[in-house]
Amino acid sequence: MRGPTARQVLFATAGLLVALVAGVLVGRALPTSPGANSVDVGFSRDMATHHGQAVSMAYTALAKAPSAEVRQLAVDIASTQGNQAGRMQQLLLSWDQPLSSAGRPVMAWMAGTDLHARHEVEQAQGRIMPGMATAAEVARLNAEDGETFEVDFLQLMLRHHAGGIEMARYGAEHATTAEVRDLAAAIVASQEAESQLLTTYLTERGAAPLPASAAAS
């Protein structure tokens, strides 16, 4: 029985090399979990926290807002952002990343940007993340009733959305995973639509939006 010819050995060796290179390339192409310092992880963790305050404020409005239209908007905000926060937390768990930012600087995933520099100024004013209400503002809102409460809620939520939209736009542009990019884009779309309603409701009540970077109360 004849053994393999030199040409057959050459072809077999070349085939093995091709298979090996292909395997390496496929391995490199396989999706990997984003690292702890990535935009994907930082955005998911911080935006889930950002959403948490909006959901809490929305539940307060659901209980205290005198008008049906504002209560309905509160339901929509709580439902949408609660769902989105859950999805972001599930991504963090799937990446084996902690849900809490304890011990980590928030917004570090936007370091080097103008928004991050402004965020550091707002942090000194008591605002954890862009657009978020301070502890004093939340306490004031919880103590209010009637139309005073409603106007304050609309103003705080509109500013909250403005900060969230800025964060989400950056996430949509710089995240490496399709899941985060798509979710960030969805956040931009939903909050832009809600911002139009918030602005309309404020105008109908003779009130104006808060400055984007109002000093802490």
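The coordinates are above.
Residues numbered from 1 in each chain as written. Predicted model: local features only at pLDDT ≥ 70, side-chain atom pairs only at ≥ 80, totals over all residues. Heavy atoms only, no water.

Moving on, we come to unusual backbone geometry. Although it is not a glycine, Asp96 sits at a positive phi angle of roughly 60°. Here Asp96 is to be found in the loop between α3 (68–94) and α4 (114–124). Residue classification places Asp96 among the exposed residues on the basis of a relative accessible area of 70%. Residue Met107 is not a glycine yet carries a positive backbone phi of 65°. (Helix = DSSP H or I, 4+ residues; strand = E, 2+ residues; numbered from the N terminus. Buried < 20%, exposed > 50% of the residue type's maximum accessible area, 1.4 Å probe, protein only.)

Turning next to the packing of aromatic side chains. If you walk through the whole model with that rule in mind, you get three aromatic pairs. Ring centres of Phe43 and Trp109 lie 5.6 Å apart, and the angle between their planes is 85°; on these two criteria the pair is classed as edge-to-face. Of the two residues, Phe43 is situated in helix α2 (residues 39–64) and Trp109 in the loop between α3 and α4; the sequence distance between them amounts to 66 residues. Pairing Trp109 with Tyr170 gives two aromatic rings, centres 5.9 Å apart and planes at 55°, and the pair type is tilted. Of the two residues, Trp109 sits in the loop between α3 and α4 while Tyr170 sits in helix α6 (residues 146–174), which places them 61 residues apart along the sequence. Since its relative accessible area comes to 7%, Trp109 is described here as buried. (Phe/Tyr/Trp six-rings, centres within 6.5 Å; stacked < 30°, edge-to-face > 60°.)

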